[in-house]
Each structure stands twice: as C-alpha cells, then as structure tokens.
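Geometric and topological summary
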Amino acid sequence: MSNFSIDPVVFDALASFKTPEQLGFGRVKSPVMYRANCIDGEWQAGEVGLYAPISVDPAAKVLHYAQEVFEGLKAYRVGERKPNFFRPLKNQQRMAFSARRMVMPEVPPEVFMEGISAITGLSKDLIPVKSGESLYLRPFLIGMTGELGMAPSSEYAFLVIASPSQAYHAGHMKVLIEREGCRAAVGGTGAAKTGGNYAAATLSAKRTQARGYHQSLWLDPVKRENVEELSGMNLFALIDGELHTPELTPTFLEGITRDSVIDLAKHLGHQVVERTIPIEELLQDIRSGRCTEVFACGTAAIISPVSVIADADDTAYELPQVDDLAATLRSRLLDIQERRSEDPFGWVVELEDEYYNLAETNAGAAEAS
Ligand SMILES: Cc1ncc(COP(=O)(O)O)c(C=O)c1O
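Everything numeric here is computed off the predicted structure, so don't read it as measured data. (Residues numbered from 1 in each chain as written. Predicted model: local features only at pLDDT ≥ 70, side-chain atom pairs only at ≥ 80, totals over all residues. Heavy atoms only, no water.)

Moving on to the state of the cysteines. One pass over the structure, following the stated rule, counts zero disulfides. Here cysteine 297 stays free of any disulfide, with the sulfur of cysteine 291 as its closest cysteine sulfur at 15 Å. By relative accessible area, which is 1% here, cysteine 297 ends up buried. (Disulfide = S-S within 2.5 Å. Buried < 20%, exposed > 50% of the residue type's maximum accessible area, 1.4 Å probe, protein only.)

As structure tokens, then:
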C-alpha cells in the first residue's frame, strides 16, 4: 500500500458532487486533488485533499520564471467497470524529460502513478462513461521557492487535478499557417511540456481564431519552411496513400498519441513515413491531389480531421477527403483506450484495486468508528 494520506473531508465532497450535463473540456473539476512536495531533492509523502486554491509565495519561481512542467492524460471507464489509463508511464517519462530541461526534480514513476491513481480511484463515479469522454488528468510540477534570484527552486510541489471532460475539439478543423511567429526556438524548450511554450503560442492562437480558424500550424523556427505541429496536437498527412508525419525535432513536442498512431497505422498495414515535410510541398501536394487527407492528434483532441489549411493571405487549401482514414484510426484507437477491443500493444493500464477501493475502504472505516 502506498503511504499517502487522505483528508476525510474529501469523501463528503465526492458524495455530494453533482456532475453537470454539459461537460465541455477542462471546465468541471473533480473536488479532490493530490499533492506531494519535494524539498531539497527529497520526496515527501503524498496527500489528497479538497480541490482548492493553493498557497504560493508571491516571489515563487513558478510565478516569475515559469519554472513549471505539466502533463495531460486520461482515465477511461467506458468499456469496463474499472477505470484504465493509456500509456501513463510515457507521460511520466515525458514529464521527467521536461523537468530535466527546466532544472526541476523528476517525479518518480511511483509518485506519478500514486497521484493519478488516487485521484482516479476517488473520482471513479465522476468518470463519464460515454465513448470519447473521460476523466482528463492534469499532473503538474511547480517551483515553489520564494526568492527572486534567477536560480532553480529548492522546493517543488507536484499536484494532480482532474476534470470529467468531453473531447477537446470534436469536428473538422481549419488551420492557419503561422508565417510570422515562432512557438519555440532552437536550443529552447519546444520539446518540453512547459507553460512558457503555451504562453508563447497564445498570441498566435488569438489572431488565428479572430480570423475564423481553429488552430495555428507552426513551422520550424529557423527556416520557417517545414511543418512542425499545432499548438496542442501533432499532424499527419496522407500523401500518395502513405501516412506522413513530421520527424521529431527539438522544437516540438513528442506526442504520445502521435507515437500510438504510428504504431496503430503500421499495425493496420499502412506505410508510415517520418520525415521533414516542407510546407510548400504539402500545399502543392494538396493542390495536385497527391495529399488527400490531413489530421491532427493529441490526448485531448484524440484524432481530429483537418478540412482546410490556409495561408497567411487566406488562400485556402481544401482537403478532398475529410475524416476518412482519421475516422478509422480514431475508432481503432478509442476501441483500445476504451477497452472494446484487444490491445496488442500493451498500452492499457488498469487502475489498481487498492485505488479502486479507496472510497469503499473509507466508508467501511467510517462505519466501524
Ligand atoms: C504542443 C503539443 N503538441 C502535441 C501534443 C500531443 O501530445 P499527446 O499526444 O501526448 O497528448 C500536445 C498535447 O499534449 C501538445 O501540447
């Protein structure tokens, strides 16, 4: 048994929690949160308490120097009674990579798993059971030391919060090529999941949306010639019947869905090519009909079709095929994630009993006392 504690007030909060009809994405929050502190490199025992504002020193590193990293993953409870995760240790590993880049301690696998498992187990009755919906989990690590000098923190807080959610963007996306700004620099933090990258992308997102598009399409930050990703999703294009995706660079995020789509598509007999994709070539391929379909993927968005890629002057490149291969891959991926089909890859991780039974254990203890 893990040695984290639970504030008993959470059980009342969970019992009286009413899940709204309309979930949206990331808006509704489970009333519980997990926290483990790391002080001078030593991890302290985890604690589960009520979801509530946290106390942060106004001089904390996270507030001034953005010393933070985060993850996003889901707990599913569609196909089976017991919730399950999808490749959670990939998230732990990516968070460790991000933490090293931001000079932060790595959250050990056992702490990471304890945090997401405790919140999922306690929130199990809040997990939506409709296909495509899930409990979105947001683990994050922040530098808490209250000193204004430019140096890493000595104290960190690792927290996990959760949100019963619908898919992030269900529908056809129009994307706009970002010709002006960059999301991340060479030698910067683009491959880490850290807040600064998202802050840097916000202005572009605002402009893109004001022009009637859904997402900015980022090019490489040096030559501005090659396709990288969207602000929260990776990209695939079906060209001459083969599935092409930008090969990883240090300036964009290695998506776990991207990795899974590559394996799944190969498993289904598709040729998958990871390579540098010049934007002009992609646009030309759409014009000539060689590129028939484009889609984006990410944990939150699952697999979302792209209907139009537009250039800065609004020239629109419409995809002849929308949500064809994307729909097949999405349903195959969801079948695995939601446990309707075999999982030949060993991606699904079921919530352990000790966490599944947390609420019952407490009810029993309360009755006995
Ligand atoms: C910038 C960025 N790219 C890609 C992705 C997709 O990654 P994943 O499939 O692991 O969710 C995300 C989402 O986490 C992201 O924030």
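Its twelve residues give helix H6 (residues 256-267) an end-to-end C-alpha distance of 16 Å, which sits within 8% of 16 Å, the value for a rise of 1.5 Å per residue. Within H6, nine of the twelve residues are buried, which leaves the element mostly enclosed by the surrounding structure. By the burial criterion, the buried members of H6 are Ile256, Thr257, Arg258, Asp259, Ser260, Val261, Ile262, Leu264 and Ala265. Among the residues trailing H6, glycine 269 stands out with phi positive, at a value near 95°. (Helix = DSSP H or I, 4+ residues; strand = E, 2+ residues; numbered from the N terminus. Expected span 1.5 Å × (residues − 1).)

Take the site of the ligand next. Taken together, 15 residues form the shell around the ligand, and within it Lys193, Tyr198, Glu229, Thr257 and Thr299 come nearest. Residue lysine 193 places a side-chain N or O atom 2.7 Å away from an oxygen atom belonging to the ligand. Contact between the ligand and threonine 299: an oxygen atom at 2.6 Å from a side-chain N or O atom of the residue. Relative to its unbound accessible surface of 390 Å², the ligand loses 95% to contact with the protein. Judged by the proximity of its atoms to the pocket grid, the ligand belongs to the largest pocket. Along the lines of polarity and charge, the residues of the shell around the ligand split into four nonpolar, seven polar and four charged. (Near = heavy atom within 4 Å. Polar contact = N/O pair within 3.5 Å; in protein donor to acceptor, adjacent residues only side chain to side chain. Areas by Shrake-Rupley, 256 points an atom, 1.4 Å probe, with all protein chains shown as cover. 1 Å grid on protein atoms, 1.4 Å probe; cavity = no way out; pocket = protein on both sides within 12 Å on 5 of 7 lines; lining within 4 Å. Sits in = over half its atoms within 2 Å of the grid points. Nonpolar A, V, L, I, M, F, W, Y, C, P; charged D, E, K, R; others polar.)

With 16 residues, helix H5 (residues 195-210) should reach 22 Å at 1.5 Å per residue; the first-to-last C-alpha distance of 23 Å fits that figure. At threonine 202, H5 shows its largest bend, some 35°. Those residues of H5 lying buried are Asn197, Ala201, Ser204 and Thr208. Those residues of H5 hidden inside the fold are in contact with strand E10 (173-177) and strand E11 (215-219). In the segment just after H5, glycine 212 is the residue with positive phi, at about 90°. (Bend = angle between axes of the 7 residues up to and from the residue. Contact = heavy atoms within 4.5 Å.)

On to the side chain of arginine 87. Examined against the element boundaries, arginine 87 turns out to sit in the loop between strand E7 (84-86) and helix H3 (88-101). Using a relative accessible area of 12% as the deciding quantity, one classes arginine 87 as buried. Among residues more than four places away in sequence, those in contact with arginine 87 are Ile256, Asp259, Ser260 and Trp347.

A few words on the layout of surface pockets. Looking at the largest pocket, its volume works out to about 600 Å³. Around the largest pocket, the lining comprises 32 residues; the ones closest to its centre are Lys193, Tyr198, Ser231, Gly232 and Met233. Those elements that provide at least two residues to the lining of the largest pocket are strand E8 (134-143), H5, E11, H6 and strand E16 (291-298). Among the elements that make up the lining of the largest pocket, the one with the highest residue count is H5 (six residues). Along the lines of polarity and charge, the residues of the lining of the largest pocket split into 13 nonpolar, 14 polar and five charged. For the lining of the largest pocket, the domains that each give at least three residues are domain 1 (5-167 + 345-368) and domain 2 (173-322). In this structure, the second largest pocket spans a volume of roughly 220 Å³. Lining the second largest pocket are Lys90, Gln93, Arg94, Phe97, Ala191, Leu248, Thr249, Phe252, Leu253, Glu254, Gly255 and Ile256. If you tally residues by element for the lining of the second largest pocket, the top one is H3, at four residues. Looking at side-chain class alone, the lining of the second largest pocket contains six nonpolar, three polar and three charged residues. Mapping the lining of the second largest pocket onto the domain boundaries places at least three of its residues in each of domain 1 (5-167 + 345-368) and domain 2 (173-322). (Points joined across faces, edges and corners; volume = space filled by probe spheres on them. Domains from an automatic or database assignment.)

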